[in-house]
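Each chain, letter by letter, is given below.
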Amino acid sequence: MTYTGWFVEQFGAGLGWFLANLTLILAIAFPVMVGVALAVYADRKIWAAMQMRRGPNVVGPFGILQTFADAAKLFLKETIIPAGASTGVFLLAPMISFTLALVVWAVMPFDAGLVLADLNVGLLYIFAVSSMGVYGIIMSGWASNSKYAFLGGLRSAAQMVSYEVSMGFILVAVMMYAQSLNLSDIVLAQKGNVLGILNGNIFNPLLFPMGIMFFITALAETNRPPFDLPEAEAELVAGYQVEYSSMSFALFFLGEYANILFMCALIPTLFLGGWLPPLDLPFLYAIPGFVWFLSKMAFLFFLFAWVKATVPRYRYDQLMRLGWKVFLPLSLFWVVVVSGWLMFTGHFAAAPGVM
Amino acid sequence: MHPIFASIAIAGPETILTLGSLAALMLGTFTPKHRALVVTSLFAVAILGVAGFSLTDAPAGRSIAFDGLYVADDFSAYLKVIIMAAAAASVLLALPWLQERGAGRFEYPVLMLLAALGMAMMVSANDLLTLYVGLELAALPSYVLAAFSRADDRSAEAGLKYFVLGALASGMLLYGVTLVYGFAGSTQLDVIAQLVSAQAERSIGMLFGIVFILAGLAFKVSAVPFHMWTPDVYEGAPTPVAAFFSAAPKAAALGLMARVLVVAFPGKVAADWQQIIMFIAIASMVLGAVAAVAQTNVKRLLAYSSIANIGFALVGLSPGSPAGISALLFYVTVYVAMTLGSFLVVLQLRRPDGGTVETMADLAGLSKTQPKLALALAIFMFSLAGIPPLLGFWPKFAVFQAAIASGLLGLAIIGFIASVVAAFYYLRLIKIMYFDEPAVALASEGSPVNGALIAACALFCSPLGMLAMSPLAVATARAAAALFPA
Amino acid sequence: MAAFAFYLFAGLLLTSGLMVITAKNPVHSVLWLILAFFNAAGLFILLGAEFLAMLLVIVYVGAVAVLFLFVVMMLDIDFKALQRGALQNLPLGLAVSGVILAEVLLVASGWTAGQGVIVHEALAGPPPGMTNTQWIGSQLYTRYFFVFSMSGLILLAAMIGAIVLTHRRRVGIKKQSIAAQNARTPGGTVAVGKAAIGQGVEL
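None of the values given here were measured: they were computed from a predicted structure.

Looking at this model, I keep getting lost on the overall build of chain A. Mind explaining?
Looking only at helices and strands, chain A has 12 helices and 0 strands in total. Reading chain A from its N terminus to its C terminus gives the helix and strand order α-α-α-α-α-α-α-α-α-α-α-α. Taking 20 Å as the expected radius of gyration for a compact globule of 355 residues, we find that chain A reaches 21 Å, a close match to that expectation. Considering only C-alpha atoms, chain A reaches an extent of 65 × 60 × 45 Å along its principal axes. Classification of the 355 residues of chain A by burial places 52% in the buried group.

Encoded structure:
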């Protein structure tokens with residue numbers, strides 16, 4: 001009997017369905033939140049290690065409870081709303097950021113069949129939700145009624161919209177290989193896709209540059225260094241977050257890290273074979289897919305932290321130049337190359353609707 | 001071979017224009033700045049020429065392409081020749097003006113090519129979708145062209161006004177399209193005709209759809225009551241752009257209107273749209289004639305003149321008969337030559353301060369300072385007024401004849417009265433040129449190409465043009481017959 | 001369940017549509033508009049058109065409305081004056097919406113699409129074994145290839161237009177030339193000389 005089926009039997013169709021999905025949602029959201037706390041800690045530790053410091057080491061063993069202590073401090077503080085702020089929008093903005101960062105996990109397959117909503121337009125769903133992420137920032141920037149926040153919001157809006165364009169083209173290349181927008185299908189299409197033994201689009205020479213571009217775009221989409229211009233503390237104090245305190249700040253912070261974790265999960269799904277082991281060898285499948293998935297995520301997160309620790313911030317015009325003059329033409333051209341190659345090799349011959 | 005290639009071959013002119021416009025864009029970008037404009041313009045003219053000549057090679061009769069979205073027949077071929085010729089002339093006549101205003105703005109001919117492509121699509125539309133996309137493709141470059149001299153406030157205002165009103169008209173058109181689709185169950189014109197004639201009684205929703213489509217199209221041809229933008233846009237837009245607006249798009253939109261109404265709504269519903277067309281025709285003729293009397297600006301005058309002329313052309317559409325459509329095509333042909341000629345003369349003249357002619361007072365005594373241009377303008381004005389020996393008389397005669405033959409005597413009489421009123425202001429302009437004392441000494445800008453274009457238009461509109469009438473009559477009759485399947 | 005979702009989305013859509021025109025602050029209007037788009041996407045999902053729903057969110061909510069918000073935030077609009085103007089035009093607006101309402105009612109009450117004649121194939125759903133994304137794609141690139149590619153040209157024309165009307169080569173500003181920067185060598189820019197004591201260096 002399925003999980004939902006059991007609930008339906010116990011509580012009736014409507015309530016049972018509702019309760020089943022509610023528990024499933026919590027089963028994703030709660031680990032994500034804990035993951036965020038650990039990710040912040042890991043981020044600070046890695047960063048510290050690269051700079052020959054110790055990092056957090058006071059609260060709990062090895063300082064592992066540092067983030068929880070920070071969170072508790074933030075929750076206990078007073079929420080301050082600036083006098084000139086547009087109150088409704090001001091309070092709505094962090095909620096939107098946080099909600100969207102959690103909602104997007106719904107379509108992420110953690111293992112074969114282990115996904116909350118197996119949408120057949122999953123990739124578009126992710127793209128849609130991540131394109132809405134900009135609203136949290138731009139609304140907070142406007143509602144704060146502060147020039148630093150506003151500039152940060154505007155920068156961020158322009159940045160995220162710009163990088164979404166090339167991100168879309170990269171996704172097109174991936175979905176052409178998989179011939180599907182469903183994330184599970186995309187993962188399964190990567191099984192033994194290179195030389196019959198390597199699992200993962202990244203090993204495909206045609207998709208390798210796309211994978212690299214996607215990683216950089218993911219940095220820009222999540223406002224991570226070297227693309228953290230929206231908050232650029234040196235010039236904008238803290239950008240769109242400058243007027244936020246306590247809980248509302250915590251929501252932004254959690255949302256930001258949840259987004260980063262999501263990108264660390266999406267890149268493996270699209271390019272590293274998701275829950276599949278890197279090599280298509282039978283004994284590797286003895287290790288559960290979930291473990292492969294989490295270790296790939298951890299690896300990606302290490303890369304994110306590594307970049308943050310070592311790369312200086314971009315200047316704004318350089319950022320725009322990279323997005324529009326380098327990534328856009330390159331990814332567009334590469335889509336043409338990939339689709340031409342796929343047509344040439346008869347990749348689409350069996351696809352439905354091809355004349 | 002994939003069936004799509006056969007369709008692409010049938011849509012030869014569109015294919016040539018598509019590839020040509022892309023090539024022109026590349027050419028303009030990679031040519032040195034000081035030569036970019038001239039090179040791109042000449043290339044654009046060549047592309048338009050090739051597209052026009054490709055029509056002579058087209059198979060006779062009616063060929064449908066792209067699963068019924070597109071039709072190539074004698075009607076579309078005839079109008080495409082006019083459109084290509086008018087667009088080519090518009091590219092050429094703008095060249096000196098653009099050069100004077102410096103800096104290789106090679107986008108002008110590229111936009112012109114895209115607009116010509118849209119217009120070609122319009123006259124070949126066999127589906128409401130093609131109609132809409134073609135209309136937008138023709139309109140969008142037009143908005144940009146209207147605002148082309150962006151440093152000039154009036155030009156920017158003209159562009160904005162045209163854009164906002166044009167978008168509104170497109171919205172209405174699209175609304176009409178959805179209504180027709182909803183009530184007929186298809187967007188393909190000939191299928192709509194079948195479905196409509198199969199319906200037991202005419203549906204009121206369909207009628208609403210037709211009204212909305214007509215409102216959108218009336219805006220594009222600048223017929224009353226959707227004419228308000230015309231004088232403002234003509235006055236504000238750069239003169240070569242106004243010349244373009246008055247010629248090719250009008251021919252395309254009239255052709256489109258004729259095809260949609262005649263092909264998709266024959267029989268029972270025909271009476272409905274005929275009433276609307278008659279109303280639009282009468283209103284346009286009367287308002288065009290009366291409002292023009294008070295104008296002092298030459299471009300505004302020509303704008304009202306074009307409104308009135310559209311009214312006369314629509315008289316040809318009112319009966320919905322082959323003779324009427326044939327007269328409409330004849331009218332459009334001559335009108336394009338007359339209006340392009342008039343704008344060319346205005347464009348050729350330069351005030352002492354280097355500006356183009358704006359007010360009618362500037363033209364006083366033109367016969368003494370520029371006798372040749374004055375003569376040409378006089379020919380165009382007499383022709384627009386419909387004074388008998390000149391060519392402009394005959395198409396008016398033809399549309400009235402077609403209207404009377406279908407029993408629309410009243411329409412013809414109103415048209416006749418309107419044309420008498422209109423003659424007043426055409427003749428007044430001639431009086432200003434020939435009998436008033438020169439106010440300012442106008443110089444001729446002296447471009448030989450434009451001179452040749454003026455001479456060609458003037459010859460065509462002069463009594464000599466009657467030599468062209470019998471081949472034109474054959475061609476228009478053939479083109480009109482294509483809309484009425486035997 | 002579906003009925004509940006429909007009324008939820010439809011109700012929110014209408015409410016936010018109403019708020020768009022009644023909100024005092026244009027930024028709030030745009031935010032309500034975004035909510036309206038979002039609910040329209042929800043209605044698409046109920047119709048089984050998930051591809052269109054996602055596209056609506058990606059294109060309108062994610063891109064168009066962001067730029068819209070961008071512009072509105074930076075405008076300095078006198079709301080009071082705008083609303084006075086709106087009140088003056090209220091009768092006309094009511095008349096127009098009355099006409100449109102009447103038409104919608106007509107359409108709803110008189111749907112008799114092509115009696116006894118084969119109705120356009122587009123009214124049928126996707127064939128079995130095809131998601132509607134694949135189906136839309138295969139229709140767009142075959143049956144509607146012509147209008148689809150021409151729509152691309154419309155966008156090209158719009159792009160050329162935007163560049164023609166706004167791009168200007170400004171003089172007197174410093175620009176970074178990446179290529180020149182990368183091509184620099186120490187030989188061309190650095191001079192090593194000996195400065196005599198007490199005299200400094202002539203530059």
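Structure's up, so let's keep going.
So what exactly am I meant to see when it comes to the interface of chain B and chain C here?
It is common to report an interface's size as the accessible area lost on association of the parts. Contacts between the two partners involve 45 residues from chain B and, on the opposite side, 38 residues from chain C. Of the roughly 3,500 Å² buried between chain B and chain C on both sides combined, carbon and sulfur atoms contribute 74%. Among the residues chain B hides against chain C, the three largest losses belong to Leu69(B), Arg150(B) and Phe183(B). Together they make up 16% of the total. Summed over the shared surface of chain B and chain C, the result is 0 salt bridges. For the interface between chain B and chain C, the tally reads 5 residue pairs in polar contact (both at pLDDT 80 or more). Only α1 (3-10), α2 (12-30), α5 (107-123), α6 (128-146), α7 (153-184), α8 (189-198) and α9 (204-221) of chain B provide two or more residues apiece to the side of chain B that touches chain C.

In this structure, what is going on with helix α10 (residues 229-236) of chain B? I would like to understand it.
Quick reminder: α-helices carry 3.6 residues per turn. Residues three or four places apart thus point the same way. Residue and element names in this part refer to chain B. The element α10 is largely enclosed, with a buried count of 6 among its 8 residues. Taken together, the buried positions of α10 are occupied by Trp229, Thr230, Pro231, Val233, Tyr234 and Gly236. Along its buried surface, α10 packs onto α7, α9, α11 (239-246), α12 (248-264), α14 (298-317) and α15 (322-348).

Could you clarify how one ought to interpret the UniProt feature "transmembrane region" (unreviewed entry) in chain A in this entry?
Residue and element names in this part refer to chain A. The UniProt record marks residues 15-42, 89-110, 122-142, 163-182, 202-220, 249-271, 283-306 and 326-350 with the feature "transmembrane region" (unreviewed entry), using the residue numbering of this structure. Taken end to end, residues 15-42 is 100% helix and 0% strand, and its two terminal C-alpha atoms sit 40 Å from one another. Taken end to end, residues 283-306 comprises 75% helix and 0% strand; its first and last C-alpha atoms sit 32 Å apart.

When you look at the interface of chain C and chain A in this model, what are you seeing that I'm missing?
Facing 29 residues of chain C, the contacting portion of chain A comprises 32 residues. For the pair chain C and chain A, the two sides together bury roughly 2,400 Å², of which 78% comes from carbon and sulfur. Of all residues in chain C, the largest losses of buried area upon contact with chain A belong to Met54(C), Ile58(C) and Met73(C), amounting jointly to 23% of the total for that side. Here chain C and chain A share 0 salt bridges between them. In this structure, the connection of chain C to chain A is made through 4 residue pairs in polar contact (both at pLDDT 80 or more). Looking at the side of chain C that touches chain A, the elements that each hand over two or more residues are α2 (26-46), α3 (50-74) and α6 (132-141) of chain C. It is α3(C) that provides the largest number of residues to the side of chain C that touches chain A, a total of 13 residues.

Can you help me understand the packing of helix α4 (residues 74-100) of chain B against α12(B) in this one?
The axes of two packed helices give the description: the angle between them and the distance between them. All names here are of chain B. Remark: α4 packs on α12, axes separated minimally by 8 Å, with the N-to-C direction vectors making an angle of 165 degrees. Of the possible angle classes, the one that applies to α4 and α12 is roughly antiparallel. Every pair of crossing elements has a handedness; the one defined by α4 and α12 is left-handed. Residue-level inspection shows Phe75, Ser76, Leu79, Ile82, Ile83, Ala86 and Ala87 of α4 in contact with α12, the latter providing Ala248, Ala251, Ala252, Gly255, Ala258 and Arg259.

Just to check I follow, could you spell out the environment of Met257(B) for this structure?
Residues and elements named next belong to chain B. Structurally, the position occupied by Met257 is in helix α12. The class of Met257 is buried, set by a relative accessible area of 0%. A sequence separation of 134 residues divides Met257 from Val123, and the C-alpha atoms of the two residues are 8.8 Å apart. Those residues in contact with Met257 that sit more than four places away from it in its chain are Leu214, Leu217, Ala218, Val221, Ile277, Leu314 and Leu317.

Even after reading the chapter, I still don't get the side chain of Glu221(A), so can you show me in this structure?
All names here are of chain A. Positionally, Glu221 belongs in helix α8 (residues 208-221). Buried and unpaired, Glu221 has no salt bridge, with Arg224 as the nearest side chain of opposite charge at 14 Å. Apart from residues lying up to four places away in sequence, Glu221 is in contact with Ser130, Met160, Tyr163, Glu164, Met167 and Met263.

Sorry if this is basic, but what is going on with a nonpolar patch on the surface here?
All names here are of chain B. A cluster of nonpolar side chains, Val286, Val290, Ile404, Leu409, Ile413, Ile414, Phe416, Ile417, Val420 and Val421, forms an exposed patch at the surface whose accessible area comes to about 840 Å². The biggest single contributor to the nonpolar patch is helix α19 (residues 409-435), with 7 residues. Relative to the helices and strands, Val290 is located in helix α13 (residues 270-292).

I tried to follow the pattern of salt bridges on my own but got confused; where do I start?
Pairs may arise between side chains of opposite charge once their charged atoms sit close together. Residue and element names in this part refer to chain B. Per the stated rule, a full pass over the model turns up 18 salt bridges over all chains. Taking the shortest distance from any N to any O, the salt bridge between Arg62 and Asp190 comes out at 3.2 Å. You can see Arg62 sitting in the loop between α3 (33-54) and β1 (63-65) and its partner Asp190 sitting in helix α8, a full 128 residues away along the chain. Classification of Arg62 as partly exposed rests on a relative accessible area of 43%. Via salt bridges that share partners, Arg154, Glu157, Lys161, Asp232, Glu235, Lys299, Arg300 and Glu358 belong to a single interconnected network.

Quick question: what am I supposed to make of the nonpolar core here?
The biggest cluster of nonpolar side chains holds 206 residues, and the ones touching the most others in it are Leu17(B), Phe265(B), Trp273(B), Leu314(B), Leu317(B) and Leu363(B). A total of 18 residues in this core trace back to one element, the largest contributor, which is α15(B). Setting aside residues up to four positions removed in sequence, Leu314(B) forms contacts with Ala223(B), Leu254(B), Met257(B), Ile277(B), Ile280(B) and Ala281(B). Of all hydrophobic cores here, the second largest spans 113 residues; its members include Val104(A), Ala128(A), Leu229(A) and Ala265(A).

The rules we used
- Residues numbered from 1 in each chain as written.
- Chains lettered and ligands numbered in written order.
- Predicted model: local features only at pLDDT ≥ 70, side-chain atom pairs only at ≥ 80, totals over all residues.
- Heavy atoms only, no water.
- Helix = DSSP H or I, 4+ residues; strand = E, 2+ residues; numbered from the N terminus.
- Rg over C-alpha atoms; globule rule 2.2 N^0.38 Å.
- Buried < 20%, exposed > 50% of the residue type's maximum accessible area, 1.4 Å probe, protein only.
- Contact = heavy atoms within 4.5 Å.
- Buried area = accessible area lost by both parts, 1.4 Å probe.
- Salt bridge = Lys/Arg side-chain N within 4 Å of Asp/Glu carboxyl O.
- Polar contact = N/O pair within 3.5 Å; in protein donor to acceptor, adjacent residues only side chain to side chain.
- UniProt positions renumbered as here; feature names shortened; annotations may be inferred.
- Axes fitted to C-alpha atoms, helices over the stretch in contact; angles between N-to-C directions.
- Parallel < 35°, antiparallel > 145°, perpendicular 65-115°, else oblique.
- Left-handed = near helix turned anticlockwise from the far one by under 90°.
- Lys, Arg positive; Asp, Glu negative; His and termini not counted.
- Patch = residues over 30% accessible without salt bridge, like charges linked within 9 Å, V, L, I, M, F, W, Y side chains within 5 Å.
- Areas by Shrake-Rupley, 256 points an atom, 1.4 Å probe, with all protein chains shown as cover.
- Core = buried A, V, L, I, M, F, W, Y, C linked by side-chain atoms within 4.5 Å.

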